[in-house]
Amino acid sequence: MEEKKPSFLQSLILENPVFSLYLGICSILGVSTSLDNAVGMAALVFLVLLFSNIVVSLIRKITPGEIRIPVYIVIIATLVSVAEMFIKAYMPSLYASMGSFISLVVVNCIILGRAEACASKNDVLTSIKDACVMGAGYFVAIFTISVIRQFLSTGGWSFANPLTLKTIFDIKIIPEQFTIGLFGKPVGAFVTFGLLAALFAGYKQNHEAKLAQAAKEAKAAAAAAAKEAK
Amino acid sequence: MRQVLGLLGVLGTLGSLYAVLYYFNKKTPEPEGCEEIQNSCSGCGITSCGRHPSHMSTEE
Amino acid sequence: MGDLLTLFLSTVLIDNIILSHFLGMCPFMGVSKNRSSALGMGFAVLFVIVGASLLSYALYYLALVPLGLEYLELITFILVIACFVQFTELFLKKFIPSLYKSLGIFLPLITTNCAVLYVALDNITNSYDLAHTIVNSVGVSVGFMLILYIFSTIRERLDASTPLKSFVGNPLALITAGLMALAFSGLAGLI
């Protein structure tokens, strides 16, 4: 009985690190107020995840099993320190709006979790692939939430190039009086995230129910075929 | 020069302090009645936690 | 004195670390299933945050600044936190086994908790002196414990109810947290 492997899009939804495993929630809730922040944070997390996966995968043979976690933490901390200095120098607007969340990428559960679960046991290419999948999942999550939140709290979307501060687009759809300011506040973050999490969980349960149904039918068919062969 | 020495000194001290403390921590046996603690944690998806069930099978 | 009291009230009620800053969410979702574990987690976090932030404060001003190594603060603070957690486990195992029995399980989880690192960094970013550092750390942990405890009591009731299948567990917990955030934001006029 073969199992259909989920496609890339499907696995993005079913095994999304944010909505299925609930990792890295702190940064998502705090940073998703606008598209600039979301894209910046997603890029930061993806790059740190990629490089930490590569480095951890390269040194996995020489780290003793016991002190794995502190070693990984120091590697990630170094990467994040470098990234933070880079952002502070070249993208000050992003630094001002994301604030302390940049440093807190160090203890982001996704990066440590992936270093622990995948990069420490597989070779470099698999780790890179894993980092890309997880990074894409994180980007989908934070992008969706910030699209919804920015639309409802400011009435439109705006995106500016962080390096040159030139606005790329600035769309306003809902007029000022009808925007729901609450979505820019913590309440909005929690509620949007909760509703989207329920949506993803519903899709996952649907998918699993379908798989279970298919497995049951295959089993029944196999049993019937075996009975006929007798 | 002073900065490089300072860097190595600080990181080296902290690293070796961690190693020493970890060693002693590993050596001290847990008080009685604490065997269940390790098993009662069902894990919450935070794999970086030292007590996650996934660590116990890989420990040698 | 009034300054310190304002700081304490704002970190506990208004600028709460979970409901306002969204930090410490991982244990918030994982450990809040019942009241006793919430209290245990809260006390462990209190101890680690106060201890680790005092140690990192001392390290920053006594070692990093004189040597001109401020850029190392992220790496050194994380190492300090890891060392402190190991030390706490060691200390509890040897001298207070009963406390180890109730709190010991949560200690490794706190090493990678966002809240601890945030407090350590925040004390430096805001250039607090020693008194403000202590009040900030204690306030943040008390706020964490308060919200965690309240949430665990709500969650005990939620687990006994039967919502829509896709809302069971974490999604409903998140929406509840949002409502709590709304409620607590009403206290902003306190100071």
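The structure we're discussing is the one just above.
None of these values were measured; they are calculated from a predicted model.

Caption draft 1: A look at the overall build of chain A. What chain A contains, in helices and strands, is eight helices and two strands. The order of α-helices and β-strands along chain A, N terminus first, is α-α-α-α-α-α-α-β-β-α. Expressed along its principal axes, the backbone C-alpha trace of chain A runs to roughly 75 × 55 × 25 Å. With 230 residues in all, chain A has 45% of them scored as buried. If you take every contact in chain A between residues at least 6 apart in sequence, the share linking residues at least 24 apart comes to 75%. Total accessible area computed for chain A in this model is approximately 11500 Å², and 68% of it derives from carbon and sulfur atoms. The positive charge centre, built from 19 side chains, and the negative charge centre, built from 14, are 2 Å apart in chain A.

Caption draft 2: Here's a closer look at the interface of chain A and chain C. If you look at the interface, chain A gives 35 residues, while chain C gives 32 residues. Interface area, chain A with chain C, both sides summed: about 2800 Å², of which 85% is carbon and sulfur. It is Cys26, Val107 and Phe190 of chain A in chain A that bury the most area against chain C; as a group they hold 23% of the surface buried on that side. Taken together, chain A and chain C are joined by zero salt bridges. Applying the counting rule to chain A against chain C returns one residue pair in polar contact (both at pLDDT 80 or more). Mapped onto the side of chain A that touches chain C, the elements with two or more residues apiece are helix H2 (25-31), helix H4 (68-90), helix H6 (109-119) and helix H8 (186-229) of chain A.

Caption draft 3: Representation of the pairing of strand E1 (residues 156-160) of chain A within the structure. Note: E1 of chain A against strand E2 (residues 167-172) of chain A, five bridges, orientation antiparallel. When the sheet's bridge partners are listed, Ala160 of chain A is paired in E2 of chain A with Thr167 of chain A.

Caption draft 4: Layout of a nonpolar patch on the surface. Residues and elements named next belong to chain C. On the surface, Phe87, Phe91, Phe95, Ile96 and Leu99 cluster together into a nonpolar patch covering about 450 Å² of accessible area. The element best represented in the nonpolar patch is helix H4 (residues 73-95), accounting for three residues. By secondary structure assignment, the location of Leu99 is in helix H5 (residues 97-103).

Caption draft 5: Layout of helix H1 (residues 2-27) of chain B. With 26 residues, H1 of chain B ought to run about 38 Å at 1.5 Å a step, and its terminal C-alpha atoms sit 37 Å apart, in line with that. All of the buried residues in H1 of chain B are Gly6, Val10, Leu14, Tyr18, Leu21, Tyr22 and Asn25 of chain B. Along its buried surface, H1 of chain B packs onto H4 of chain A together with helix H3 (35-67) and H4 of chain C.

Caption draft 6: Looking closely at empty space enclosed by the protein. Counted by the stated rule, this structure contains three cavities of 30 Å³ or more. One number sums up the size of the largest cavity: a volume of about 70 Å³. Lining the largest cavity are Gly24, Ile25, Cys26, Ser27, Phe101, Leu104, Val105, Asn108 and Cys109 of chain A together with Leu23 and Cys114 of chain C.

Caption draft 7: Spotlight on the nonpolar core. Counting 121 residues, the largest nonpolar core has Met41 and Phe193 of chain A together with Met25 and Leu117 of chain C as its most contacted members. When residues of this core are assigned to their parent elements, the largest contribution, 12 residues, is made by H3 of chain C. Sequence-distant contacts of Met25 of chain C, defined by excluding residues within four places in its chain, comprise Ile25, Cys26, Leu29 and Phe190 of chain A together with Ile18 and Leu174 of chain C. By size, the runner-up hydrophobic cluster in this structure holds six residues, among which are Tyr18, Leu21 and Tyr22 of chain B together with Cys83 of chain C.

Caption draft 8: Up close: the pattern of salt bridges. In total, this model carries three salt bridges over all chains according to the counting rule given. Between Glu116 of chain A and Arg68 of chain A there is a salt bridge; the shortest N-O distance is 2.9 Å. With Glu116 of chain A in helix H6 and Arg68 of chain A in helix H4, this pair connects stretches of sequence that are 48 residues apart. Judged on exposure class, the residue Glu116 of chain A and its partner Arg68 of chain A are both buried. The closest approach of N and O atoms between Arg35 of chain C and Glu156 of chain C, which form a salt bridge, is 3.3 Å. With Arg35 of chain C in helix H3 and Glu156 of chain C in helix H8 (residues 130-159), the pair connects residues that are 121 residues apart, well separated along the chain. Residue Arg35 of chain C is classed as partly exposed on the basis of its relative accessible area of 39%.

Calculation rules
Residues numbered from 1 in each chain as written. Chains lettered and ligands numbered in written order. Predicted model: local features only at pLDDT ≥ 70, side-chain atom pairs only at ≥ 80, totals over all residues. Heavy atoms only, no water. Helix = DSSP H or I, 4+ residues; strand = E, 2+ residues; numbered from the N terminus. Buried < 20%, exposed > 50% of the residue type's maximum accessible area, 1.4 Å probe, protein only. Contact = heavy atoms within 4.5 Å. Areas by Shrake-Rupley, 256 points an atom, 1.4 Å probe, with all protein chains shown as cover. Lys, Arg positive; Asp, Glu negative; His and termini not counted. Charge placed at Lys NZ, Arg CZ, Asp CG, Glu CD. Buried area = accessible area lost by both parts, 1.4 Å probe. Salt bridge = Lys/Arg side-chain N within 4 Å of Asp/Glu carboxyl O. Polar contact = N/O pair within 3.5 Å; in protein donor to acceptor, adjacent residues only side chain to side chain. Pairing = 2+ DSSP bridges. Patch = residues over 30% accessible without salt bridge, like charges linked within 9 Å, V, L, I, M, F, W, Y side chains within 5 Å. Expected span 1.5 Å × (residues − 1). 1 Å grid on protein atoms, 1.4 Å probe; cavity = no way out; pocket = protein on both sides within 12 Å on 5 of 7 lines; lining within 4 Å. Points joined across faces, edges and corners; volume = space filled by probe spheres on them. Core = buried A, V, L, I, M, F, W, Y, C linked by side-chain atoms within 4.5 Å.

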